[in-house]
Amino acid sequence: MTRRAVTDTARLRLKLCGAAALMLLCSACGDGIPKDKDDEDGGDPPPAPVAALSILAGDPTIEGTMDGAGTAARFKSPRGIAIDADGNLYVADTGNFVIRKITPAGVVTTVAGAAGTSSFVDGDTGNARFENPVAVAVNRRGTIYVADNLRIRSITSAGRVGTTTSIPIGSNVAAGRVASVVPGAIAVDANDNLFITNSYSTRRISGGDALMLEGQSVVNGLTGASLFEPRGVALDSNNNLFVFDLDREISRWNPNGFIGVNNMITLAGAPNARGSSNGVGNAARFEQVVALTVDPRGNVYAADAINNLVRRITPEGVVTTVAGSTRSTTLRTGDLPGSLADVRGIVTDGKGNLYVTSGNAVVKIRLP
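Residues numbered from 1 in each chain as written. Predicted model: local features only at pLDDT ≥ 70, side-chain atom pairs only at ≥ 80, totals over all residues. Heavy atoms only, no water.

Draft legend 1. Representation of the overall build of the chain within the structure. Broken down by element type, the chain carries 2 helices and 28 strands. Across the chain, contacts joining residues at least 24 apart in sequence account for 46% of those joining residues at least 6 apart. Carbon and sulfur atoms make up 51% of the accessible area of the chain, which totals about 17600 Å². (Helix = DSSP H or I, 4+ residues; strand = E, 2+ residues; numbered from the N terminus. Contact = heavy atoms within 4.5 Å. Areas by Shrake-Rupley, 256 points an atom, 1.4 Å probe, with all protein chains shown as cover.)

Written out as structure tokens, the structure is:
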């Protein structure tokens, strides 16, 4: 009995020693199965967003008047587009004679006007009427300014439509030349100064007074016929104005320059030269820049119509193509550059996204 008890005790001691040795070995080797470094850091980082072109609202080839969400909504030849502080987009739905709103989720509603009715009526948004809304801008208080034929209209956040100012026609102007007088683009700065372009001038309207930045205030003796040729205009956060000027260049106007002096500083393009070439400064070419927008880093983005391209101009004047295939008229979504239908308006949200009116749709471009 004693001998067996001694043997059992020895065996128990041997097992305990083995267990202790195993624990020491495991401790030296770590916590069991080795972990990859990426696992310890919480896994692989998510991939960066891929640049892409997609439809936010509407259908590029089907026109209509329908409110709704995303591609269920319908527009008719939308042109100008602007964005407010909350990320809501406002669109001049030119063919429908109305102003539309698109929420960040892509829900489309009609802000003012009546689809299919072209007229001039101020008043509540439901009773107001527009003749030919082509461009929009939004100030910090949410007031929407609309270039509507020869008038600049306003839509307040309280839902009232009014007339801010009218553009003088001049004398001896043939009916076929009125298109030269009609504003094609509009921008508003932090002080509620309006900047307006038409075929022969760029002007600032402040408190009812107009300052000519280039061109003439009134042109007399216009005969024959002309086409509506909007020229893009936009402001950066420092109130520097960028415009597709009368020489067909992208230029910057210095607000601190001498009043009454042409303070246009060319950024890119060559005088009266057309084309689609990228490059630096005057090596670049544009066809018809109908709209501009500026991001927080000072990059200017141009809606280059006829070419149907979106172009980027850096502060150093380097021009590249962001989206579109030259002179394509078909919208192709997916990876950039894709292709665009007729481009008419552009705006940035300042967060790496552009919104472009293209065909009968509003397109989102997610930048790399």
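Draft legend 2. Fine view of the environment of Gly232. Examined against the element boundaries, Gly232 turns out to sit in the loop between strand E15 (209-215) and strand E16 (233-235). On a C-alpha basis, the gap between Gly232 and Asn198 in space is 9.5 Å, while along the polypeptide they are 34 residues apart. For Gly232, the residues in contact, after removing those within four places along its chain, are Ala185, Phe242, Val243, Phe244, Val289, Val290, Ala291 and Leu292.

Draft legend 3. A look at unusual backbone geometry. Following Leu336, the chain continues to Pro337 via a peptide bond in cis, the omega torsion being 15°. With respect to the secondary-structure elements, Pro337 resides in the loop between strand E25 (334-335) and strand E26 (343-348). If you check the backbone angles, Ser77 has positive phi at about 50° while not being a glycine. Structurally, the position occupied by Ser77 is in the loop between strand E2 (68-69) and strand E3 (81-83). Backbone geometry places Phe97, a non-glycine residue, at a positive phi of 65°. By the element assignment, Phe97 lies in the loop between strand E4 (89-93) and strand E5 (98-102).

Draft legend 4. Representation of the environment of Asn220 within the structure. As for its placement among the helices and strands, Asn220 is situated in the loop between E15 and E16. As a C-alpha pair, Asn220 and Ser171 span 49 residues in sequence and 5.0 Å in three-dimensional space. When neighbours within four sequence positions are excluded, Asn220 is seen to be in contact with Gly170 and Ser171. A polar contact of 2.8 Å, which involves the side chain of Asn220, links it to the backbone nitrogen of Ser171. (Polar contact = N/O pair within 3.5 Å; in protein donor to acceptor, adjacent residues only side chain to side chain.)

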